[in-house]
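Analysis of the macromolecular model
As a plain string of letters, each chain reads:
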Amino acid sequence: MKIRTFYSPAKINIALNVVGKKNSLHKIESIVSFLNLYDLIKIREIKHKKHQVAFNGKFSKNIKKNNTITKLLSILDDRKLLRKKKFQIKITKNIPQKAGLGGGSINAASLLSFFIKKKFLKVSSEKIREICDLIGSDVVLGIYKSNLILNSKGKISALKNKKNFNIVLVKPKFGCSTKAIYSKVKKYSKAIFDKSKAGVFNLDKLKNFKNDLEPIALRKYSKLKQIKSHLENYTKSKFVRMTGSGSVIVGYYLTKKDSELAKKYINKKFRNYWCIVAKTI
């Protein structure tokens, strides 16, 4: 059977506000963008009783057997949406885990989008959202793969007018547990993205936004605080912010040259940390 190949991009939260809690889950609003940093997914239909899922690449270690891809396939099989078709799926992991980059979630969204695009299944928008939410709260963001605003009511709006950034991603040797970081949230922000989205990508506005999870992570991990301080004080960043629940710290730059100089500086200062330049798409 023919092998098909497609890409699954990393996502970043340019801003993230925790605005409440419902049924033990935290409610958030966020500005989301995607990067030219990708996991590679190869898939082919097979004559077999079960799906075959395998991970390889730099960040494939310790991925559990019960992961976002197997969860998606299980849901689709239980609902007989794949009409008993089985697939071999190989994913090359270039996006680190426990980083706030949504690697696993966007993998599932990308695979679901592939099945829909290639007409292996046909589902309504409501069913797509339902399937995504069964896998993880941020999976649905990967269906859009564009600059987005997720408001406090769960509505997603794609942004046509956007500002592209050259960025530097820095991750120390450890990752952050999403559950552990959220468990320390003690107060909630006021929702600000439910109304007008006009001018949200204005640089001055972006500078003034925040990530409510960042102070929690920085208090817990002094290394994250050091990374942020160095990016803010010794590079030409326009602003610096943690993405998601960490542990990646993101520096935002207007030129590729500035981002490359920042990477060079970080590589000298934090020699054993993962550090790359990328760009929003």
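Right above here is the structure, for reference.
To keep things clear, this report deals only with the structure shown in the data block. In this text the structure is predicted, and so the values were computed from the model without any measurement.

What follows covers the nonpolar core. Among the nonpolar cores identified, the biggest contains 34 residues, and I43, L76, L82, I89, L111, L112 and F115 are the most heavily contacted of them. Listed by contribution, the elements that provide at least two residues to this core are β2 (25-46), α1 (68-78), β4 (86-92), α2 (103-117), α3 (125-135) and β5 (148-150). Top element by residues in this core is α2. It accounts for seven residues. Setting aside chain neighbours within four positions, we find I89 in contact with I41, K42, I43, Q52, V53, A54, I69, L73 and L111. Counting residues in each nonpolar core, the second largest holds 29 residues, with A10, L203, F239 and W274 among its members.

Here the focus is the packing of α1 against α3. Contact pair α1 / α3: the axes reach a minimum separation of 9 Å and the direction vectors enclose 135°. In terms of orientation, α1 lies oblique with respect to α3. Of the two elements, α1 crosses α3, and the hand of that crossing is right-handed. Contacts between α1 and α3 pair T68, K71, L72, I75 and L76 from the former with I131, L134 and I135 from the latter. For the contact of α1 with α3, the class distribution of residues is six nonpolar, one polar and one charged.

Another point: the packing of aromatic side chains. Taken as a whole and assessed by the stated rule, the structure comprises 15 aromatic pairs. With centroids separated by 6.1 Å and ring planes inclined at 85°, the aromatic side chains of F115 and F120 adopt a geometry described as edge-to-face. For the pair formed by F115 and F120, the shared burial category is buried. A centroid spacing of 5.8 Å and a plane angle of 25° characterise the contact between Y234 and Y265, whose relative ring orientation is stacked. Of this pair, Y234 sits in helix α8 (residues 222-234) while Y265 is found in helix α9 (residues 256-269), placing the two residues 31 residues apart along the sequence. Using a relative accessible area of 54% as the deciding quantity, one classes Y234 as exposed. Clustering of aromatic rings is evident, with ring pairs tying together F6, F87, F114, F115 and F120.

Let's shift gears to a positive patch on the surface. A cluster of basic residues, K2, R4, K117 and K118, forms a positive patch on the protein surface. Assignment of secondary structure puts K118 in the loop between α2 and α3.

Cut-offs and rules
- Residues numbered from 1 in each chain as written.
- Predicted model: local features only at pLDDT ≥ 70, side-chain atom pairs only at ≥ 80, totals over all residues.
- Heavy atoms only, no water.
- Core = buried A, V, L, I, M, F, W, Y, C linked by side-chain atoms within 4.5 Å.
- Buried < 20%, exposed > 50% of the residue type's maximum accessible area, 1.4 Å probe, protein only.
- Helix = DSSP H or I, 4+ residues; strand = E, 2+ residues; numbered from the N terminus.
- Contact = heavy atoms within 4.5 Å.
- Axes fitted to C-alpha atoms, helices over the stretch in contact; angles between N-to-C directions.
- Parallel < 35°, antiparallel > 145°, perpendicular 65-115°, else oblique.
- Left-handed = near helix turned anticlockwise from the far one by under 90°.
- Nonpolar A, V, L, I, M, F, W, Y, C, P; charged D, E, K, R; others polar.
- Phe/Tyr/Trp six-rings, centres within 6.5 Å; stacked < 30°, edge-to-face > 60°.
- Patch = residues over 30% accessible without salt bridge, like charges linked within 9 Å, V, L, I, M, F, W, Y side chains within 5 Å.
- Areas by Shrake-Rupley, 256 points an atom, 1.4 Å probe, with all protein chains shown as cover.
- Salt bridge = Lys/Arg side-chain N within 4 Å of Asp/Glu carboxyl O.
- Lys, Arg positive; Asp, Glu negative; His and termini not counted.
- Charge placed at Lys NZ, Arg CZ, Asp CG, Glu CD.

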